Amino acid sequence: MDKELKVNNNTESPATSFVERLWVLVPAILLIGLLATLVYNHHDEFSVDGLIAGFDQEFLIFFCIGVFAQLVDGTLGMGYGATSTSFLLAYGIPPAISSTGVHVAEMFTTGASAISHHRFGNINKKLVRHLLIPGVLGSITGAYLLSDVIDGEVIKPFIALYMIGLAVIIIRKALKKNLVKKKTKKLGILATFGGFMDAVGGGGWGPIVTSTLLGNGRNPRYTIGSVNAAEFAVAFSSGVTFMLFGGIQGWQVIIGLILGGVMAAPLAAFLVNKIPRKSMMILVGVLIILLSLKTLSKLL
């Protein structure tokens, strides 16, 4: 009997091993392909002198925003878009450039995050599959509307108010006690709405999807890892949509966010179960509210 089990395990392991490798290979291949495409299509826009000049104080600010936003997102399972968009809007970056920059950067940072969470065993593959396609469809719709239909300047105050709403959700979830685990109904609708609002508002996938799942008593480690893994596909699809319909603007913002986020992703995945989650969520929520109020004050 023992020999038979060993034989079965040996025959199943190559297929299992291949599937496991796909969770790392697919994001890696897509990221390499995306980088090659961007370099090929936009190499004329760069020069050695231009790149050197671009590494200035503003770049350092965008880099730090990328590091902080990824640490927030990787450890809480939410907040990359809300945090980075709030900072960028408060700094004076227009909504279209801000949202495009955040989502193009997220194509890289969420890929690094997905690989890191897989490495640390934080992913529930069944949950990822339920979130993937609806989230992608919602994000494509939202990205198309923002890049080709909606005037970014007109909706800027509404985005700031939306960010305040997301911050309130984050704080409310942090203060909620005695969570009782219950089945989450209509995961597809939740993922579609989360993907749509994430693309239009520059953030929201985590606060909408992760907070709902955690509010239903799901395990934080696997929920955060799984939502982050699905977010790679959501960010990738919205980022490609932004590039197709709106072009790419704000390279300094994008590169700063990418480098900061990719460098912080492994540390965030490692820290997911090692930080005081409640205090961190409240801190992030308050910070987003303050940044959004600053943005609104500039518009009044």
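See the structure shown above.
Residues numbered from 1 in each chain as written. Predicted model: local features only at pLDDT ≥ 70, side-chain atom pairs only at ≥ 80, totals over all residues. Heavy atoms only, no water.

Chemist: Quick question: what am I supposed to make of the overall build of the protein here?
Modeler: Of the regular secondary structure elements, the protein holds twelve helices and zero strands. Taken from the N to the C terminus, the helices and strands of the protein come in the order α-α-α-α-α-α-α-α-α-α-α-α. In the protein, which comprises 300 residues, the share counted as buried stands at 49%. Here the contacts in the protein between residues at least 6 apart in sequence split such that 87% fall between residues at least 24 apart. Here the protein has roughly 14400 Å² of accessible surface; of this, 68% comes from carbon and sulfur atoms. (Helix = DSSP H or I, 4+ residues; strand = E, 2+ residues; numbered from the N terminus. Buried < 20%, exposed > 50% of the residue type's maximum accessible area, 1.4 Å probe, protein only. Contact = heavy atoms within 4.5 Å. Areas by Shrake-Rupley, 256 points an atom, 1.4 Å probe, with all protein chains shown as cover.)

Chemist: Even after reading the chapter, I still don't get the environment of P134, so can you show me in this structure?
Modeler: One can find P134 in helix α6 (residues 125-148). Judged by relative accessible area, P134 falls into the buried class, the value being 17%.

Chemist: Would you mind showing me how to read the nonpolar core here?
Modeler: One broad trend across soluble globular proteins is that nonpolar side chains are buried collectively. Counting residues in hydrophobic clusters, the biggest one holds 37 residues, and the most contacted among them are L131, M163, W205, I208, V209, L213 and I288. Looking at this core, the elements with two or more residues in it are α3 (57-76), α4 (80-91), α6, α7 (152-175), α8 (187-201), α9 (205-215), α10 (220-246) and α12 (277-299). Per-element accounting of this core gives the leading share, eight residues, to α7. In this view, M163 contacts G81, A82, T85, S86, G201, G202, G203, I288 and S292; residues no more than four positions away in its chain are not counted. Counting residues in each nonpolar core, the second largest holds 20 residues, with I65, I93, V102 and M107 among its members. (Core = buried A, V, L, I, M, F, W, Y, C linked by side-chain atoms within 4.5 Å.)

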